[in-house]
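Okay, here's what each chain looks like letter by letter:
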Amino acid sequence: MDAPRIQYTKTSDGVKIAYRVDGDGGKTLVYMPMPLTRPMETDNQFRDRDRNWRERLARGRRVARFDFRGSGYSDRDVSDFSLDRMELDLAAVIQGLNARPVAIWAELDSGPIAIAYTAHNPDLVDALVLWCSWARDADLGDRSTWDALDTMITTNPRRYFEFLATSAAGIPASEARQAAEVLARAIDAGTLKAFLEQVWSYDVTPLLPSVKCRTMVLHPTGQDFFPARLAARLAAGIAGADLRMIDSQTIGVTPDLANSIGDLLDRFLGVELEAPRVAVTHSSGTAIILFADIVDSTGLTERLGDAAFRDKARDLDGALRAIIRDNAGTPIEGKLLGDGVLAVFTSARQAIEAALRCGEAGSHGGLPLHVGVHAGDVIREEGNVFGGAVNVAARIAAESAPGEVLVSDTVRSLARTSAGVSFEDRGEQSLKGIEEPVRLWAVREQG
């Protein structure tokens, strides 16, 4: 990652704010991490760990990041971190960008700041994403825990920064000490303590109804410090907000979440990216083929209405493709949900894991799926795959019950000892358009 190209703007109360812009795509996204805890001067030290997320954010858009007052390259000699002052920092950056309206991504304590700015400037923000955030910091619960952390900042700042590295960034404990040293050099512990003490006065609950732009609330499921009720209150207070719970135990976007969260963000912001293609290195070869199709899509369309069905199907289509990529598969972009989602894998184990997660996503989204997996030779051509094996996968999917994953005997043989699942014999089945019967197995998760 290149060295920061720092620019400066000044707030209405005279504080210099440093910011940088990455990417050259159309939409401008203002990225707001938790204030004071990840200034831009730490980018070089964390570049390998953050590379996937930073690059993913900048695909198809301009991303503006900045250091709040009291941190990083911005003016450090400040002591007032009240909500209205912090809002001035965001206002100055958006004014300096000269690109409006913008989208905002806000994490943790940045959330109330972004909410306040959006409520006060409805014409300047057209999309808001809140990650692991809240409307009122007092809702975090028993203050004694947070008071203990505040005390740690003063008495043992390195220990606090280790806690910050592991809990916020998801950095392994074995690397926490080195990460803490980087943070300790970049962040003044006394200034951070002053900021955190003032955060307890933040309360944007009365402003939630004034947020009129599209809003998505993302929240990790496994957080004790920041329970799910915080996200629920945010989503309930903002009209039309989309609440998504993310399977994670950290309060930062870790490398393994970068692609799936990036896909969610792309769909929410309407970013059009060039579709990834199957590499055409050979005209044919063996692949593990996954096929998924919505159960009774025609009936659902009639019950929901065409527009509502397509909206739900589009959201599910994106979720399935993210699951496929997370499991090292390649979704075939020529197939759209309704006509079926098609993907190829090199590993039967990963294909089965993706198939199970796809089935769960369909059930949770109210659009149950038929899912089938087969293995065989395919022809690869210009980002698409063809051949009899693809047809077999589609026919196997059609035989599955809603939410069930069926696999061929070939796939079961490949994955029998590695997939961590059991297989229920469904016997030989005559599939439409397939000359010879195919033995099918239903996948059952263990435990």
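In what follows, the structure referred to is the one given above.
Predicted, not measured: the structure shown is a model, and the values here were computed from it. (Residues numbered from 1 in each chain as written. Predicted model: local features only at pLDDT ≥ 70, side-chain atom pairs only at ≥ 80, totals over all residues. Heavy atoms only, no water.)

## Topic: the packing of helix 2 (residues 83-97) against helix 3 (residues 110-120)
- Remark: helix 2 packs on helix 3, axes separated minimally by 9 Å, with the N-to-C direction vectors making an angle of 70°. One way to sum up the angle between helix 2 and helix 3 is to call them roughly perpendicular. In terms of crossing hand, the pair formed by helix 2 and helix 3 is right-handed. When helix 2 is examined against helix 3, the residues Leu83, Met86, Glu87, Leu90, Ala91 and Ile94 are found in contact with a partner set consisting of Pro112, Ile113, Ala114, Ala116, Tyr117 and His120.
- A class-by-class count of the residues in the contact of helix 2 with helix 3 yields 10 nonpolar, 1 polar and 1 charged. (Axes fitted to C-alpha atoms, helices over the stretch in contact; angles between N-to-C directions. Helix = DSSP H or I, 4+ residues; strand = E, 2+ residues; numbered from the N terminus. Parallel < 35°, antiparallel > 145°, perpendicular 65-115°, else oblique. Left-handed = near helix turned anticlockwise from the far one by under 90°. Contact = heavy atoms within 4.5 Å. Nonpolar A, V, L, I, M, F, W, Y, C, P; charged D, E, K, R; others polar.)

## A few points about the nonpolar core
- Of all hydrophobic cores here, the largest spans 84 residues; its most connected members are Met32, Ile104, Trp105 and Ile261.
- Non-local contacts of Met32, meaning those with residues more than four positions away in its chain, are made with Phe66, Phe68, Leu90, Ile104, Trp105, Ala106, Glu107, Ser110, Ile113 and Ala114.
- Judged by nonpolar contacts, the second largest core, of 34 residues, contains Ile294, Phe345, Ala351 and Cys358. (Core = buried A, V, L, I, M, F, W, Y, C linked by side-chain atoms within 4.5 Å. Buried < 20%, exposed > 50% of the residue type's maximum accessible area, 1.4 Å probe, protein only.)

## Thoughts on the pairing of strand 16 (residues 438-445)
- Two elements, strand 14 (residues 405-408) and strand 16, share 3 bridges in a ladder whose sense is antiparallel. The partner of Ser408 across the bridge, within strand 16, is Leu440.
- Pairing of strand 15 (residues 421-429) with strand 16, which is carried by 8 bridges, proceeds in the antiparallel orientation. Paired with Ser422 across the bridge in strand 16 is Arg444. (Pairing = 2+ DSSP bridges.)

## Topic: the side chain of Arg56
- Here Arg56 shows up in helix 1 (residues 43-57).
- Looking at Arg56, the relative accessible area reads 3%, which means it is buried.
- From its side chain, Arg56 meets the backbone oxygen of Gly262 in a polar contact 3.5 Å long. (Polar contact = N/O pair within 3.5 Å; in protein donor to acceptor, adjacent residues only side chain to side chain.)

## A closer look at helix 12 (residues 348-364)
- Compared with the 24 Å implied by 1.5 Å per residue over 17 residues, the 24 Å span of helix 12 between its first and last C-alpha is a close match.
- If you check which residues of helix 12 are buried, you get Ala348, Ala351, Ile352, Ala354, Ala355, Leu356, Cys358, Gly359 and Gly362.
- The N-cap residue of helix 12 is Ser347: its side-chain oxygen and the backbone nitrogen of Arg349 are 3.3 Å apart.
- At the exit of helix 12 stands Gly366, carrying a positive phi of roughly 75°. (Expected span 1.5 Å × (residues − 1).)

## Section: the packing of aromatic side chains
- Enumeration over the complete set of coordinates arrives at 6 aromatic pairs.
- With a centroid separation of 5.9 Å and 85° between ring planes, the pair formed by Phe81 and Phe195 is classed as edge-to-face. Linking Phe81 in the loop between strand 4 (61-66) and helix 2 with Phe195 in helix 7 (residues 189-199), this pair joins segments that are 114 residues apart in sequence. In this structure, Phe81 and Phe195 share a single accessibility class: buried.
- Every member of this aromatic cluster is reached through a ring pair, and the members are Tyr31, Trp53, Trp105 and Trp131.
- The ring of Tyr8 has Lys16 sitting right over it, with the charged end atom 5.6 Å from the ring centre.
- Note that Arg214 overlies the ring of Phe268, its terminal NZ or CZ placed 4.9 Å from the centroid. (Phe/Tyr/Trp six-rings, centres within 6.5 Å; stacked < 30°, edge-to-face > 60°. Lys NZ or Arg CZ within 6 Å of the ring centre and 35° of its normal.)

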